[in-house]
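Given next are the chains, with one letter for each unit.
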Amino acid sequence: MRSTGNEGSGYWYGPDGQLDYSAAVLKSLREYRAAETTVRRSTRDSMGMGETDILALRYLLRVQAAGEATAPKDLSRFLGITSASTTTLIDRLVRSGHVRREAHPTDRRSVVVVPTVESDKEVRVTLGAMHRRMMAVAEGLSADEAHVVIDFLQRMTDALQDVDDGRSQK
């Protein structure tokens, strides 16, 4: 939903009636995050998976595409969950047919977690159209516009991490 920027409260406009661009940018960022959250919820629902399951599957697919193997400890580290929780997660993904355990290619004592071909197809079908629309928007940016967006988002990321670092130091 797009807004005209003037919701009548004067919040987005300064006392001189001029648009407060900083507030409008943050509002647009919040609207994007809300839209992304809605799509992610819909994706989870359509795939019958929880948030952690989706994050795990996307990570496994990304690692597989890079030609690398994922041991359960790698998945645990990525997700920031315990080894017991990782085992439960992998068991659930194995039961649903999204992953399988295989012998580690170089360590006979270990296993790797591999996404199935079916889960790769399911993710592509479920998320493919959305990713193509998003890529079309990004590809429509000029090099200068892309640089501004990248710089802005990196500075926003840094600002959030600074807040998080500040809390952890207290």
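Residues numbered from 1 in each chain as written. Predicted model: local features only at pLDDT ≥ 70, side-chain atom pairs only at ≥ 80, totals over all residues. Heavy atoms only, no water.

Engineer: Can you tell me about the side chain of His98, naming the residues and giving the values?
Structural biologist: For His98, the location among the structural elements is in the loop between helix H4 (83-95) and strand E1 (99-103). The exposure class assigned to His98 is buried, which follows from its relative accessible area of 6%. Not counting residues within four places of it along the chain, the set of residues in contact with His98 comprises Met47, Met49, Leu57, Leu93, Val114, Pro115, Thr116, Ser119 and Glu122. (Helix = DSSP H or I, 4+ residues; strand = E, 2+ residues; numbered from the N terminus. Buried < 20%, exposed > 50% of the residue type's maximum accessible area, 1.4 Å probe, protein only. Contact = heavy atoms within 4.5 Å.)

Engineer: Run through helix H5 (residues 117-139), naming residues and quoting values.
Structural biologist: Residues spaced three or four apart along an α-helix face the same direction, because each turn holds 3.6 residues. The terminal C-alpha atoms of H5, which comprises 23 residues, lie only 29 Å apart, well short of the 33 Å expected from a rise of 1.5 Å per residue. The sharpest bend along H5 reaches about 50° and sits at Leu127. Taken as a whole, H5 has its buried residues at Ser119, Val123, Leu127, Gly128 and Met130. Buried residues along H5 sit against helix H1 (21-47), helix H2 (51-65) and strand E2 (111-115). (Expected span 1.5 Å × (residues − 1). Bend = angle between axes of the 7 residues up to and from the residue.)

Engineer: Quick one: what's the story with the packing of helix H3 (residues 72-79) against H4, residue by residue and with numbers?
Structural biologist: As a packed pair, H3 and H4 sit with axes 9 Å apart at the nearest point and diverge in direction by 110°. When the interaxial angle is binned, H3 and H4 end up roughly perpendicular. Seen from H3, the contacting residues are Pro72, Leu75, Ser76 and Leu79; seen from H4, they are Ser83, Thr86, Leu89 and Ile90. Each residue belonging to the contact of H3 with H4 can be placed in one class, and the counts come to five nonpolar, three polar and no charged. (Axes fitted to C-alpha atoms, helices over the stretch in contact; angles between N-to-C directions. Parallel < 35°, antiparallel > 145°, perpendicular 65-115°, else oblique. Nonpolar A, V, L, I, M, F, W, Y, C, P; charged D, E, K, R; others polar.)

Engineer: Before we move on, can you summarise the packing of aromatic side chains with the specific residues and values?
Structural biologist: A full pass over the atoms with the stated rule returns one aromatic pair. For the pair Tyr59 and Phe78, a centre-to-centre distance of 4.1 Å together with 15° between the ring planes defines the contact as stacked. Taken together, the positions of Tyr59 in helix H2 and Phe78 in helix H3 put the pair 19 residues apart, joining distant regions of the chain. Taking the relative accessible area as the measure of exposure, Phe78 reaches 39% and is therefore partly exposed. (Phe/Tyr/Trp six-rings, centres within 6.5 Å; stacked < 30°, edge-to-face > 60°.)

Engineer: Can you break down the packing of H2 against H3 residue by residue, with the values?
Structural biologist: Packing of H2 against H3 leaves a shortest axis separation of 11 Å and a crossing angle of 125°. As the angle between them shows, H2 and H3 are arranged oblique. The handedness of the crossing between H2 and H3 comes out as right-handed. Only Asp74, Leu75, Phe78 and Leu79 of H3 make contact with H2, whose side of the interface consists of Thr52, Leu55, Ala56, Tyr59, Leu60 and Arg62. (Left-handed = near helix turned anticlockwise from the far one by under 90°.)

Engineer: Please set out the pattern of salt bridges residue by residue, giving values where relevant.
Structural biologist: Enumeration according to the criterion identifies 10 salt bridges in this entry. Its salt-bridge partner being Arg101, residue Asp91 comes within 2.5 Å of it at the nearest N-O pair. Here Arg101 lies in strand E1 and Asp91 lies in helix H4, a separation of 10 residues in the sequence. Residue Asp91 is classed as partly exposed on the basis of its relative accessible area, which comes to 29%. Across the salt bridge formed by Asp120 and Arg124, the nearest N and O atoms sit 3.2 Å from each other. Here Asp120 and its partner Arg124 are both found in helix H5, four residues apart, which amounts to about one turn of the helix. For Arg124, a relative accessible area of 58% translates into the label exposed. (Salt bridge = Lys/Arg side-chain N within 4 Å of Asp/Glu carboxyl O.)

Engineer: Which residues make up a nonpolar patch on the surface, and what values go with them?
Structural biologist: Together, Leu141, Val149 and Leu153 line one region of the surface with nonpolar side chains, adding up to about 210 Å² of accessible area. Tracing the backbone shows Leu141 in the loop between H5 and helix H6 (143-169). (Patch = residues over 30% accessible without salt bridge, like charges linked within 9 Å, V, L, I, M, F, W, Y side chains within 5 Å. Areas by Shrake-Rupley, 256 points an atom, 1.4 Å probe, with all protein chains shown as cover.)

Engineer: Account for H1, naming residues and giving values.
Structural biologist: For H1, built from 27 residues, the straight-helix expectation of 39 Å at 1.5 Å per residue is met to within 8% by its first-to-last C-alpha distance of 39 Å. For H1, the complete set of buried residues consists of Ala23, Lys27, Thr43, Arg44 and Met47. Buried residues along H1 sit in contact with H2 and H5. Of the residues flanking the start of H1, the one acting as N-cap is Asp20, its side-chain oxygen 3.3 Å from the backbone nitrogen of Ser22. (Polar contact = N/O pair within 3.5 Å; in protein donor to acceptor, adjacent residues only side chain to side chain.)

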